[in-house]
Amino acid sequence: MTSRNPKIALSNVGIVIVSHSPDVARGAADMVRQMVGDVVPLAWCGGAPGGGLGTNVEAILAAIDQAWSEAGVAILVDLGGAETNSEMAVEMLPHERRARVVICDAPVVEGAVMAGTEASAGSTLDQVRRTAEELRAR
Amino acid sequence: MPVDPQLQRKLIGEVARCMVGHAEELTALDQAIGDGDHGLNMKRGFEAVLAELDKTAALPMHEALKAVGMTLVMKVGGASGPLYGTLLMTLGKSFPELPTRAGVAQAFSAAVDAVKARGKSDVQMKTMLDVLVPALATLNDGGEDLYPRLRASAESAAAATVPMQAVRGRASFLGARSVGHMDPGARSSWLMVQTVADVLEREELAMKHNENRSVSR
């Protein structure tokens with residue numbers, strides 16, 4: 001899922017996409033890849049533990065790990081349970097990582113593409129989040 | 001006295017079996033105003049709890065509650081996983097080594113607060129909190145007939161969610177159309193309160209019965 005260019009990617013903010021549907025998450029990740037290639041660490045997850053629509057704390061933790069960057073990770077979520085499970089996952093991270101993960105209040109597809117594009121420019125986690133969240137009020 | 005391991009096993013096991021047994025009803029309630037997965041999610045979570053019952057029954061009560069909570073977080077797959085998981089993990093974190101009614105009430109209060117924070121929610125929003133908050137108030141009142149009052153408060157509190165308009169969760173997307181249905185989370189919380197009250201009441205009756213027998217001997 002995540003391919004990395006070791007020269008650039010590790011310094012860019014990582015993006016995690018969490019949807020109830022694995023198809024939506026994978027599709028959104030494809031759209032981010034199309035914009036930014038492999039310069040942004042990227043991972044997605046979707047579906048309940050054991051299948052079906054839903055979200056899964058274990059899978060979210062694995063996605064954060066996969067997209068990990070020292071610059072931090074921005075998570076994009078679709079609906080309620082995706083947000084609640086992502087918040088739970090962030091709280092379960094090792095302490096030193098917790099402060100470097102944010103959940104963006106933005107639509108999952110558009111937010112992921114905007115966040116990914118911002119991250120590819122080497123922006124900070126806070127800038128990435130703000131860019132994604134500019135979509136909120138539209 | 002710490003919680004008796006047999007009683008602990010009954011509490012965890014009966015709550016879990018109750019949730020599994022009511023999966024279809026919870027799903028039907030959730031189909032009316034949500035995404036229709038509450039029953040299935042709770043079933044998956046509590047089947048995992050049942051699979052670990054031998055392990056959790058052998059732990060001290062506070063550790064067992066934390067373990068059950070963590071299983072729900074990992075296995076449920078909807079918002080109810082982190083919500084019920086947070087409830088039980090916080091209950092475990094604050095659970096007194098030698099439980100008294102006041103000590104348990106205090107731990108339950110911390111657990112309800114944690115659910116409010118996790119769900120960014122409170123009473124009157126058509127959620128599980130509409131049942132848990134009155135249950136806490138009943139527990140704090142203490143006194144005689146605690147178990148019947150707990151059951152009655154949970155039942156009427158769940159029924160009171162029917163005319164509410166949802167403010168949180170998937171049901172809030174329906175706006176006014178969420179009115180007229182019981183909240184599925186309120187129903188699962190009612191079932192939980194009812195089962196715990198039933199188990200504890202039976203336990204106390206059995207203890208009294210045994211004491212009377214040993215007195216009359």
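Scoring rules and cut-offs
- Residues numbered from 1 in each chain as written.
- Chains lettered and ligands numbered in written order.
- Predicted model: local features only at pLDDT ≥ 70, side-chain atom pairs only at ≥ 80, totals over all residues.
- Helix = DSSP H or I, 4+ residues; strand = E, 2+ residues; numbered from the N terminus.
- Buried ≥ 20, exposed ≤ 12 C-beta atoms within 10 Å, placed from the backbone.
- Contact = placed C-beta atoms within 7 Å.
- Rg over C-alpha atoms; globule rule 2.2 N^0.38 Å.
- Nonpolar A, V, L, I, M, F, W, Y, C, P; charged D, E, K, R; others polar.
- Arc of directions from axis to C-beta.
- Pairing = 2+ DSSP bridges.
- Axes fitted to C-alpha atoms, helices over the stretch in contact; angles between N-to-C directions.
- Parallel < 35°, antiparallel > 145°, perpendicular 65-115°, else oblique.
- Left-handed = near helix turned anticlockwise from the far one by under 90°.

Comments concerning the overall build of chain B
- Along chain B, the regular secondary structure elements total ten helices and zero strands.
- Each helix and strand of chain B, placed in order from N terminus to C terminus, yields the pattern α-α-α-α-α-α-α-α-α-α.
- C-alpha atoms of chain B, sized along the principal axes, occupy 65 × 35 × 30 Å.
- Split into buried and exposed, the 217 residues of chain B put 47% on the buried side.
- Long-range pairs, those at least 24 residues apart, make up 63% of the contacts in chain B with a sequence separation of at least 6.

Brief notes about the overall build of chain A
- Along chain A, the regular secondary structure elements total six helices and four strands.
- Seen in sequence order, chain A has helices and strands lined up from the N terminus as β-α-β-α-β-α-α-β-α-α.
- Its C-alpha atoms give chain A a radius of gyration of 13 Å, near enough to 14 Å, the size a compact globule of 138 residues would have.
- Its C-alpha atoms give chain A principal-axis dimensions of roughly 35 × 35 × 25 Å.
- Residue pairs in contact within chain A that sit at least 24 positions apart in sequence constitute 74% of those at least 6 positions apart.

A word on the interface of chain B and chain A
- Chain B puts 15 residues into the contact, and the matching count from chain A is 15 residues.
- Looking at the side of chain B that touches chain A, the elements that each hand over two or more residues are α3 (38-51), α5 (61-75) and α6 (80-94) of chain B.
- In terms of residue class, the side of chain B that touches chain A is made up of five nonpolar, five polar and five charged.

Some thoughts on helix α2 (residues 57-66) of chain A
- Turning to α2(A), its buried residues number three or more, namely V57(A), A59(A), I60(A), A63(A) and I64(A). The arc that holds the buried residues of α2(A), viewed along the axis, is 160 degrees, so those residues lie on one side.
- On its buried side, α2(A) packs onto β1 (14-19), β2 (42-46), β3 (73-77), α3 (80-92) and β4 (101-104) of chain A together with α5 of chain B.

Quick notes on the sheet that holds β1(A)
All names here are of chain A.
- Reading across the sheet, the four strands line up as β2-β1-β3-β4 and stay open at both edges, with parallel pairing between neighbours. Only two strands of the sheet have a single partner each, and these edge strands are β2 and β4. Taken over all neighbouring pairs, the strand axes of this sheet differ in orientation by 20 degrees on average, direction set aside.
- Bridge count for β3 against β4 is four bridges, and the pairing is parallel. Its bridge partner lying in β4, I75 is registered against I103.
- Its contacts with the sheet put helix α1 (residues 22-36) on β1 and β2, and the angle it makes with β2 is roughly 165 degrees.

What about the packing of helix α1 (residues 5-21) of chain B against α3(B)?
All names here are of chain B.
- Closest axis-to-axis distance for the α1/α3 pair is 8 Å, and the angle between their directions is 150 degrees. Viewed along their axes, α1 and α3 adopt a mutual orientation that is roughly antiparallel. The chirality of how α1 crosses α3 is left-handed. Contacts from I12, G13, A16, M19 and V20 in α1 reach M42, K43, F46, E47, V49 and L50 in α3.
- Tallied by class, residues from the contact of α1 with α3 come to eight nonpolar, one polar and two charged.

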